[in-house]
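Listed below, chain by chain, are the residues.
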Amino acid sequence: MMTKKLSWLLVALSCVALAETSLAQKKKGGDKEAMAEAAKGVQLAQQGQLQPAIDAFTRAIEASPKDSRLYIDRGGVYLSGLQKFTEAAADFTKAIELAPKDYNGYSLRGAAQVELNQIEPAMADLNKALELKKDDPRTLERRGLAYYKQKQYDLAVADYSKALEVAPDSTLALSRRADAYAAQGQYAPAQADLQAYLKIRPEDFNAEERLRFVNAKLAPPVAATPAKPTPVPTPEPMKLLTRTNVFIALGALLLLFIIVILIAKKMMTRSPD
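Residues numbered from 1 in each chain as written. Predicted model: local features only at pLDDT ≥ 70, side-chain atom pairs only at ≥ 80, totals over all residues. Heavy atoms only, no water.

(A) The arrangement of the overall build of the protein in detail. Per the secondary structure count, the protein includes 13 helices and zero strands. For the protein, buried positions account for 41% of its 273 residues. Residue pairs at least 24 apart in sequence account for 49% of intrachain contacts in the protein once pairs closer than 6 positions are excluded. Just so you have it, the protein exposes about 16500 Å², and 60% of that area is on carbon and sulfur atoms. (Helix = DSSP H or I, 4+ residues; strand = E, 2+ residues; numbered from the N terminus. Buried < 20%, exposed > 50% of the residue type's maximum accessible area, 1.4 Å probe, protein only. Contact = heavy atoms within 4.5 Å. Areas by Shrake-Rupley, 256 points an atom, 1.4 Å probe, with all protein chains shown as cover.)

This is how it looks when you write it as structure tokens:
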């Protein structure tokens, strides 16, 4: 859960940038109230005050309901900060209705649908976004996650790799590509991605744990030392000529000698008939 939350915070930064663009557009003649509320929403989102940011963007939308970028901005806070994916998807749908040629609406709605496990419509939106803006790294990262959830790890790796060609320092692409590599048992490239990720974000303990797991998979197996057989003691041969046996034999001979003498005396003393 923590990894997912951190990932979506990266999306929040892009939404803030979009909000700043929308403010510039409003200065050309848009509603001043909407512009002020949108500026407040951006500031609150940057400070982590997410629900107040939602409220500010809602007031901006009420003042200027035809500005698609305001729905993008509010939907971005729903998506990345509050993780209210259904509300986010609804805002992005409205943005698409107002600006059907803007790739952002499709890309962000696809991201929300991936989180809702609505993979088929998500893929349609993400592909449409890439038609409108080829090789957009954010969209490629979002489609990579959709492929990953479908266990199409090779396609996920391809999208993350393409995103990294455009944005080499994308920690989101590095982290997710490492997961896709590891899911295929390709631990060496997963190790390289996690090491590159930790150079940029050394404080991410979750990534450190994943790197330790990958390192353990790459470590050579320790050969088991065969157990030495337990020696069976050889029984000592029985000794016949012992002191005890000699005394027993002498006793037996003495007893036999006495018996013989007694028999001889009895025969000598017997009277003839």
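Additional details are given in the paragraphs that follow.
(B) View of the side chain of arginine 177. Counting through the fold element by element, arginine 177 comes out in helix α10 (residues 171-183). Residue arginine 177 is classed as buried on the basis of its relative accessible area, which comes to 15%. There is a polar contact of 3.0 Å between the side chain of arginine 177 and the side chain of serine 161. When neighbours within four sequence positions are excluded, arginine 177 is seen to be in contact with Val157, Tyr160, Ser161, Leu164 and Asp193. (Polar contact = N/O pair within 3.5 Å; in protein donor to acceptor, adjacent residues only side chain to side chain.)

(C) Layout of the pattern of salt bridges. Counted by the stated rule, this structure contains 13 salt bridges. Two residues, arginine 74 and aspartate 91, come together in a salt bridge whose shortest N-O distance is 2.7 Å. Placement of the pair is arginine 74 in helix α4 (residues 68-82) and aspartate 91 in helix α5 (residues 85-98), with a sequence separation of 17 residues. We classify arginine 74 as buried; its relative accessible area is 14%. Between glutamate 97 and lysine 94 there is a salt bridge, with its nearest N and O atoms 3.8 Å apart. Taken together, the residues glutamate 97 and lysine 94, both in helix α5 and three residues apart, mark about one turn of the helix. Overall, the relative accessible area of 55% leaves glutamate 97 in the exposed class. (Salt bridge = Lys/Arg side-chain N within 4 Å of Asp/Glu carboxyl O.)

(D) Examining unusual backbone geometry more closely. Not every positive phi belongs to a glycine, and asparagine 117 is a case in point at roughly 60°. One non-glycine residue, aspartate 135, lies in the positive phi region at around 60°. Note on placement: aspartate 135 falls in the loop between α7 (119-132) and α8 (137-149).

(E) Structural view of α10. Between its terminal C-alpha atoms α10 stretches 18 Å, which fits the 18 Å expected from 13 residues at 1.5 Å a residue. Of all 13 residues that make up α10, ten are buried, and the element is covered over most of its length. Looking one or two places after α10, you find glycine 185, whose phi comes out positive at around 80°. (Expected span 1.5 Å × (residues − 1).)

(F) Highlighting the confidence of the model for the protein. Residues of the protein with pLDDT of at least 70 account for 75%, and the chain-wide mean is 85. In the predicted structure, residues 1-29 sits below a pLDDT of 50 and forms 48 contacts with residues beyond four places in sequence or in another chain. (pLDDT = per-residue confidence, 0-100.)

(G) Quick look at a nonpolar patch on the surface. Judged by side-chain polarity, Leu254, Ile258 and Leu262 come together as a nonpolar surface patch covering roughly 290 Å² of accessible area. Within the element layout of this structure, leucine 254 appears in helix α13 (residues 243-268). (Patch = residues over 30% accessible without salt bridge, like charges linked within 9 Å, V, L, I, M, F, W, Y side chains within 5 Å.)

(H) The packing of aromatic side chains, seen in detail. Evaluated as defined, the whole model comprises two aromatic pairs. For the pair tyrosine 187 and phenylalanine 213, a centre-to-centre distance of 6.4 Å together with 75° between the ring planes defines the contact as edge-to-face. Within this pair, whereas tyrosine 187 is found in helix α11 (residues 187-200), its partner phenylalanine 213 is found in helix α12 (residues 205-218), the two being separated by 26 residues in sequence. A residue is classified by how much of its surface remains accessible, and phenylalanine 213, at 47% relative accessible area, is partly exposed. (Phe/Tyr/Trp six-rings, centres within 6.5 Å; stacked < 30°, edge-to-face > 60°.)

(I) Here's a closer look at the packing of helix α6 (residues 103-115) against α8. Closest axis-to-axis distance for the α6/α8 pair is 10 Å, and the angle between their directions is 25°. One element, α6, and the other, α8, form an angle in the roughly parallel class. Read as a crossing pair, α6 and α8 show a hand that is left-handed. For the pair formed by α6 and α8, the contact residues are Tyr103, Ser107, Leu108, Ala111, Val114 and Glu115 on the first element and Thr139, Arg142, Leu145, Ala146 and Lys149 on the second. In terms of residue class, the contact of α6 with α8 is made up of six nonpolar, two polar and three charged. (Axes fitted to C-alpha atoms, helices over the stretch in contact; angles between N-to-C directions. Parallel < 35°, antiparallel > 145°, perpendicular 65-115°, else oblique. Left-handed = near helix turned anticlockwise from the far one by under 90°. Nonpolar A, V, L, I, M, F, W, Y, C, P; charged D, E, K, R; others polar.)

(J) Just the packing of α10 against α11, in detail. Close contact between α10 and α11 brings their axes to 8 Å; oriented N to C, the two are set at 155°. In terms of their interaxial angle, α10 and α11 are classed as roughly antiparallel. Considering how the two elements wind past one another, α10 and α11 form a crossing that is left-handed. Along the contact surface, α10 presents Thr171, Leu174, Ser175, Arg177, Ala178, Tyr181 and Ala182, while α11 presents Tyr187, Pro189, Ala190, Asp193, Leu194, Ala196, Tyr197 and Ile200. Counted by class, the contact of α10 with α11 contains eleven nonpolar, two polar and two charged residues.

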